[in-house]
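Given next are the chains, with one letter for each unit.
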Amino acid sequence: EAGVTQFPSHSVIEKGQTVTLRCDPISGHDNLYWYRRVMGKEIKFLLHFVKESKQDESGMPNNRFLAERTGGTYSTLKVQPAELEDSGVYFCASSSRQGSTWQYFGPGTRLTVT
Amino acid sequence: EDQVTQSPEALRLQEGESSSLNCSYTVSGLRGLFWYRQDPGKGPEFLFTLYSAGEEKEKERLKATLTKKESFLHITAPKPEDSATYLCAVQVNTGGFKTIFGAGTRLFVKA
């Protein structure tokens, strides 16, 4: 069974540019979560999808971040325009039951904004 | 404010030297407490979930326990391959399923 995959593994962009991160959850997992870890800080929750609907987006830092999950399969997280403080590692996780504690994490996308 | 604090930040052990990692939490409503292992360059790997005070879970050399205010991850006779960052996280009752992570404990086990 394939795990959670994320693309790209690493992205370097300039301040003001746009970047789109992609997450493919484990097949059949309705729940998809985005997290990020800024350098030296703990992993922070960004949002939670149940199928294509946003269940909780209380962790999204501002309106420069847009998450979508069309069709309830893969998800994208767009940052536009990127700022220096957006640098960090963005993780995606999925689970089969709503609120399931058994969340499978992807390897993360390391975003560097220069 | 909901908060998760892990200690120590780093722990160096000799192979076979047992020890414990601590996770203390202050949350408005606890749905569950999780322990994850994270290796460099990889995502967190799920280890345990604990739901109520007094609960214990075991897996190989690891044992997790939970009280009303904290959780411990006990490592018995660790091996070098146990070296990793161990993350504690709590899922809170907010109507959604928000998960709050601690900063982690970096464990180094020397042969």
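Okay, so let's go over this structure. (Residues numbered from 1 in each chain as written. Chains lettered and ligands numbered in written order. Predicted model: local features only at pLDDT ≥ 70, side-chain atom pairs only at ≥ 80, totals over all residues. Heavy atoms only, no water.)

### Considering the pairing of strand E11 (residues 109-113) of chain A
Residue and element names in this part refer to chain A. Side-chain alternation along E11 places Thr109, Leu111 and Val113 on a buried face and Arg110 and Thr112 on a face that remains uncovered. Summarising the sheet, strand E2 (residues 10-13) and E11 pair through four bridges and their orientation is parallel. Note on E11: the bridge partner recorded for Ser11 is Leu111. Direction of pairing for strand E9 (residues 88-95) relative to E11: antiparallel, over a ladder of three bridges. Note that in E11 the partner of Gly88 across the bridge is Leu111. (Buried < 20%, exposed > 50% of the residue type's maximum accessible area, 1.4 Å probe, protein only. Helix = DSSP H or I, 4+ residues; strand = E, 2+ residues; numbered from the N terminus. Pairing = 2+ DSSP bridges.)

### Topic: the state of the cysteines
Across all of its chains, the model carries two disulfides over all chains by this definition. A disulfide bridge connects Cys23(A) with Cys92(A), and the sulfur atoms are separated by 1.8 Å. On the S-S bond that ties Cys23(A) to Cys92(A), the torsion sits near -60°, and the link is left-handed. Remark: Cys92(A) occurs in strand E9 and Cys23(A) occurs in strand E3 (residues 19-24); sequence separation between them is 69 residues. Put simply, Cys23(B) and Cys88(B) are joined by a disulfide, and their sulfur atoms are 2.0 Å apart. Handedness of the Cys23(B)-Cys88(B) disulfide follows from its S-S torsion of about -65°: it is left-handed. With Cys23(B) in strand E3 (residues 19-26) and Cys88(B) in strand E9 (residues 84-92), this residue pair connects regions lying 65 residues apart in the sequence. (Disulfide = S-S within 2.5 Å.)

### Structural notes on the nonpolar core
Among the nonpolar cores identified, the biggest contains 25 residues, and Leu33(B), Trp35(B), Leu73(B), Tyr86(B) and Val90(B) are the most heavily contacted of them. Of all elements in the fold, only strand E2 (10-14), E3, strand E4 (30-38), strand E5 (45-50), strand E7 (62-66), strand E8 (70-75), E9 and strand E11 (105-110) of chain B reach the threshold of two or more residues within this core. Top element by residues in this core is E9(B). It accounts for five residues. For Leu73(B), the residues in contact, after removing those within four places along its chain, are Ser19(B), Ser20(B), Leu21(B), Trp35(B), Phe48(B), Leu62(B), Lys63(B), Ala64(B) and Tyr86(B). If you look at the next biggest cluster of nonpolar residues, it comprises 21 residues, including Ile13(A), Met60(A), Phe65(A) and Val113(A). (Core = buried A, V, L, I, M, F, W, Y, C linked by side-chain atoms within 4.5 Å. Contact = heavy atoms within 4.5 Å.)

### Observations regarding the environment of Gln55(A)
By the element assignment, Gln55(A) lies in strand E6 (residues 53-56). A sequence separation of 23 residues divides Gln55(A) from Leu32(A), and the C-alpha atoms of the two residues are 9.8 Å apart.

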